[in-house]
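Per-entry structural report
The primary structure of each chain is shown beneath.
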Amino acid sequence: MSDAPPPAARPVIEFRGVAKAFGDKQVLRDLSLDVRKGEVLFIIGTSGVGKSVTIKHLIGLLGVDAGEIWFDGKRVDTLREPELAPIRKRIGMVFQNSTLFDSMTLAENVALPLRKHQGMRQKKALVEARRRLDQVYMSEFADRYPAELSDGMRKRAAIARTLTLQPEVVLFDEPTTGLDPVNARRIDRLIRELSGGQGVTSVVVSHDLTSIFSIADRIAFIYQGAVRALGSRDEIRASDDPVVQQFIQGQSSGPMETPGF
Amino acid sequence: MRGLIELWGVFVSTIAGMIRGGRPKGEIVRQMHAIGNKSMLFIAVTLGFIGMVMIYQACMQFNRVTGDLSQVGVQFIRLVTSDFAPTLTGMMLATRVGAGIAAEIGSMKVTEQVDALRMSGVLPVDYLIVPRFIASVVMTVVLTTLGGAIMYVAGGLTAHYQFGVNLKIFFDLSLLNPAHLSLGLVKAVTYGAAIPVVSGFCGLRAKGSSEGVGWATTAAVIGSSLAVLLLDFILSVAGFFVLGEALR
Amino acid sequence: MFGFVERAITQVGTTTVRIAREVGGIVVLAFDVLRALFPPTLDGRELVKNLYKMGNQSVPIVALTAFFAGGLMLVQSAPFVEKLQAHALAGWAAGYAVLREIGPILIALMFSGRVGANNTAELGTMTVTEQLDGLRALAIDPIRYLIVPRVVAMVVMLLALTVIGDLVALVGAAITAKAVVGIEFSTFIHSVVDNLKPYDFLHGIYKSMVFGASIALTSCYFGVTVRGGAVGVGRAVNAAVVAAAVSVMLLDFFMTYWLG
């Protein structure tokens, strides 16, 4: 399963035996996973299996119960809130529901991190924000409020906002869920371009099979709180694990045990 | 202005609904528990502390001027019964009960439960506001009595232990007369009636989703607090002219 | 009988634990806010935005409240004043009560109901839609960026409103004195100026600063700890206004003793 990575692809992120419970619900049991520099890694699995929980640990939005998380040779799971700021500047996150601030226009949303971290004045930050929005084809909506826009538009603006800090790693939490196919493929292309052109590492949480099999470099399948299968698109597609097969073929019955059913 | 007319409409249909009867069984008791029992600690703590503060301030002031503290107790009980107890209880209930009623009815409105009531031939006012109205009127009077008593006792103890006022002189009820008591009772009943009508009205006007409920809750707190203050002003002025001599 | 006693004890126990947890949470938040204020790295834009919004929301309501509060205190003292035929005392009695107690308390309660409740609802909505986590993910500290400007704005705004409100309340008392008891304005003004000291005014102002801080902290605390969607937001607003009312009354008690 874990073939030794070539030296160039040294892991930038490592999860080592991470466990996490909410109340008496054990979500992650023993999750270990490496993320290589510059790759697009998909974390897949059924709803509620702990995919989002996994990536939220990486930027300290959640704390681990056991295990270690390493980023670029530094341990991050033990950091305190103020010490997390430099990590969060290097690892961006695009949330499932965008989390744009609804009291601000798109331009103001994108300008906020520019103003806070790059010391720009509001005027200059707004100009820069428009340029950033243009990169995701959203400049004509710069003066609209998030509530006035569709999910796909909000998601693109959220991506633009996350990219303002020029992160080395971007975490995407279900970027295409709830989007129509056209918008979903646009988001896919954006993610792919990031890795290709700018060498950004992407970790994508998803259960959108089309995205998974069109843009992933590697796929990690999470089942019962641990990584059940890890490999390239072809390797996962050819997996002889019946649970993996049930998931990627979207069958309602099979060996998979899903909580709540 | 439109809002005030609609508010009056809610009040009138509440009274009509009360006369008509036919409300869900046990609902009044449930509401009395929600409005009364659950506010007891809140009213006791707030009115108790403000009673101590008022006596403290009054004694300080009397000390500054005459040094004669024998009048503090008799004047205090007159003010407590005719105004402080009902009005402060009313203000506190406007916050606690007003917000609760608006949040509850507002949530039902935005989740279309109110429309469902209407569809099944039940008037929302009858079903939602009338039980709260009756419960609120009764419990406001009860809580006013409780709050007033706690205020009076807390004030008396402050006067005794901080300023050495004789307890017998402080707890002298000879100057209290029916005029003070009836004015206080009228106020308590009026606030008890106003709070559920104003906040129920705000709840029924909630639109949209969670923001709508939030808006209704805020509006209910402010609306019923202002209603208490305005009614207090009107009733106090009316009391001054109608009861006049008896209050002195 | 036994069941009832047991239930009552359990009730008292859980209530105590809940209150202790909430007070603890608010105190921790207060320390976080203080730490963020030294050295002051206040987001100016957020501060101005909040000041503007809060002022807009509350000035008319506070003015109305203060006017009637002043009038009320005058009416309450009227029977006494009539009895003693001491018109010269009316302004003093009403003014003393308004400046030291009724003004700061009523204005604080109204402010809590309007601005505090709104603030809780706003922060609560942001919390349930993960906007606070969104800020954290952008390496922006929600306490510094969101909470501190709101707390500062609320303290400043309530202070300003109390100064304005005191004035309006005295006007309300003077008008009521003329209309209800027939006391001339000049008599009223003399009564106020001759008998009240600047400290009576300051006494209320000091209180309003403390009230402002406690309303701000409670409303922010209940906002950022919201659980459970839209219903949770409504419940948080309710809890916040109740907690703010209790804290205003308790602090008033301690401040009165302390300030004398």
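Everything below is about the structure printed above this text.
Scope of this entry: the structure provided in the associated data block. (Residues numbered from 1 in each chain as written. Chains lettered and ligands numbered in written order. Predicted model: local features only at pLDDT ≥ 70, side-chain atom pairs only at ≥ 80, totals over all residues. Heavy atoms only, no water.)

In terms of regular secondary structure, chain B is built from nine helices and zero strands. Starting at the N terminus and walking to the C terminus, you meet the elements of chain B as α-α-α-α-α-α-α-α-α. Seen through its C-alpha atoms, chain B measures out along the principal axes to roughly 65 × 35 × 35 Å. Of all 248 residues assigned to chain B, the portion counted as buried reaches 55%. Sequence-distant contacts in chain B: of pairs separated by 6 or more residues, those separated by 24 or more amount to 84%. (Helix = DSSP H or I, 4+ residues; strand = E, 2+ residues; numbered from the N terminus. Buried < 20%, exposed > 50% of the residue type's maximum accessible area, 1.4 Å probe, protein only. Contact = heavy atoms within 4.5 Å.)

As a further point, take helix α2 (residues 44-84) of chain C. Ala-78 of chain C marks the point of greatest bend in α2 of chain C, at about 40°, and the proline Pro-79 of chain C comes within the next four residues. At the N-terminal boundary of α2 of chain C, the capping side chain belongs to Asp-43 of chain C, with an oxygen 3.3 Å from the backbone nitrogen of Arg-45 of chain C. (Bend = angle between axes of the 7 residues up to and from the residue. Polar contact = N/O pair within 3.5 Å; in protein donor to acceptor, adjacent residues only side chain to side chain.)

Below, the discussion takes up unusual backbone geometry. One non-glycine residue, Gln-166 of chain A, lies in positive phi territory at about 45°. Within the fold, Gln-166 of chain A resides in the loop between α5 (151-163) and β7 (169-173). Classification of Gln-166 of chain A as exposed rests on a relative accessible area of 58%. For Glu-112 of chain B, which is not a glycine, the phi torsion comes out positive at approximately 65°.

Below, the discussion takes up the packing of α5 of chain A against helix α6 (residues 181-198) of chain A. All names here are of chain A. In the contact formed by α5 and α6, the axes pass within 10 Å of each other and the chain directions differ by 15°. Between α5 and α6, the angle is such that the two are roughly parallel. Our pair here, α5 against α6, has a crossing hand that is right-handed. Contact residues: α5 offers Gly-152, Lys-155, Arg-156, Ile-159 and Leu-163, while α6 offers Asn-183, Arg-186, Ile-187, Leu-190 and Leu-194. Among the residues forming the contact of α5 with α6, the class breakdown is five nonpolar, two polar and three charged. (Axes fitted to C-alpha atoms, helices over the stretch in contact; angles between N-to-C directions. Parallel < 35°, antiparallel > 145°, perpendicular 65-115°, else oblique. Left-handed = near helix turned anticlockwise from the far one by under 90°. Nonpolar A, V, L, I, M, F, W, Y, C, P; charged D, E, K, R; others polar.)

To continue, consider the pattern of salt bridges. Residue and element names in this part refer to chain A. Under the defined criterion, the tally for this structure stands at 40 salt bridges over all chains. For Glu-174, the salt bridge goes to Lys-51, with nearest N and O atoms at 4.0 Å. Of this pair, Glu-174 sits in the loop between β7 and α6 while Lys-51 sits in helix α1 (residues 51-58); the two residues are 123 residues apart in sequence, bridging distant segments of the chain. Residue Glu-174 is classed as buried on the basis of its relative accessible area of 7%. (Salt bridge = Lys/Arg side-chain N within 4 Å of Asp/Glu carboxyl O.)

Before going further, it helps to examine the packing of aromatic side chains. Summed over all chains, the structure comprises 17 aromatic pairs over all chains. Considering the side-chain rings of Trp-8 of chain B and Phe-11 of chain B, the 5.3 Å spacing of their centres and the 40° angle between planes classify their relative orientation as tilted. Pair noted here: Trp-8 of chain B and Phe-11 of chain B are both in helix α1 (residues 2-20), with a separation of three residues, about one helical turn. Of the residues examined, Trp-8 of chain B reaches a relative accessible area of 56% and is grouped as exposed. Residue classification places Phe-11 of chain B among the partly exposed residues on the basis of a relative accessible area of 27%. One aromatic cluster is present, formed by Phe-49, Tyr-56 and Phe-163 of chain B together with Phe-253, Phe-254 and Tyr-257 of chain C through successive ring pairs. Taking NZ or CZ as reference, Arg-161 of chain A lies 4.6 Å from the ring centre of Phe-101 of chain A, over its face. (Phe/Tyr/Trp six-rings, centres within 6.5 Å; stacked < 30°, edge-to-face > 60°. Lys NZ or Arg CZ within 6 Å of the ring centre and 35° of its normal.)

On to the interface of chain C and chain A, then. How big an interface is tends to be expressed through the accessible area that disappears when the partners come together. The interface is formed by 17 residues belonging to chain C together with 26 residues belonging to chain A. Counting every contact that joins chain C to chain A gives four salt bridges. Taking the shortest distance from any N to any O, the salt bridge between Asp-43 of chain C and Arg-115 of chain A comes out at 3.5 Å. Taken together, the links from chain C to chain A amount to six residue pairs in polar contact (both at pLDDT 80 or more). Contributions of two or more residues to the side of chain C that touches chain A are made by α2 and α4 (131-137) of chain C. With six residues, α4 of chain C is the single largest residue contributor to the side of chain C that touches chain A.

This brings us to the sheet that holds strand β4 (residues 66-71) of chain A. All names here are of chain A. Ordered by their spatial adjacency, four strands build an open sheet running β2-β1-β4-β5, and the pairing between neighbours is antiparallel. Both outer strands of the open sheet, β2 (25-36) and β5 (74-75), are each paired with one neighbouring strand and no more. Pairing analysis gives eight bridges linking strand β1 (residues 11-22) to β2, with the strands arranged antiparallel. Considered in β2, the bridge of Val-18 is made with Leu-31. Against the sheet, α1 engages β1, β2 and β4, with an angle of about 120° to β1. (Pairing = 2+ DSSP bridges.)

Residues and elements named next belong to chain A. Pairing within the open sheet is mixed, and its six strands lie in the order β6-β7-β8-β3-β9-β10. Strands at the two margins of the open sheet, each flanked by one partner only, are β6 (91-94) and β10 (226-231). Averaged over neighbouring strand pairs, the angle between their axes works out to 20° when direction is ignored. As paired elements, strand β3 (residues 40-44) and strand β9 (residues 218-223) share four bridges and run parallel to each other. The residue bridging Leu-41 from the neighbouring strand is Arg-218, located in β9.

A few words on helix α2 (residues 81-90) of chain A. Those residues of α2 of chain A not exposed but buried are Leu-84, Ile-87 and Arg-88 of chain A. End-on, the buried residues of α2 of chain A take up no more than an arc of 100°, which puts them together on one face. Buried residues along α2 of chain A sit against α1, β4, β5 and β6 of chain A together with α4 of chain C. (Arc of directions from axis to C-beta.)

Okay, the arrangement of the chains next. The pair of protein chains exhibiting the most contacts, out of two pairs of chains in contact, is chains B and C. Regarding chain A and chain B, which are not in contact, the minimum distance between any of their C-alpha atoms is 12 Å.

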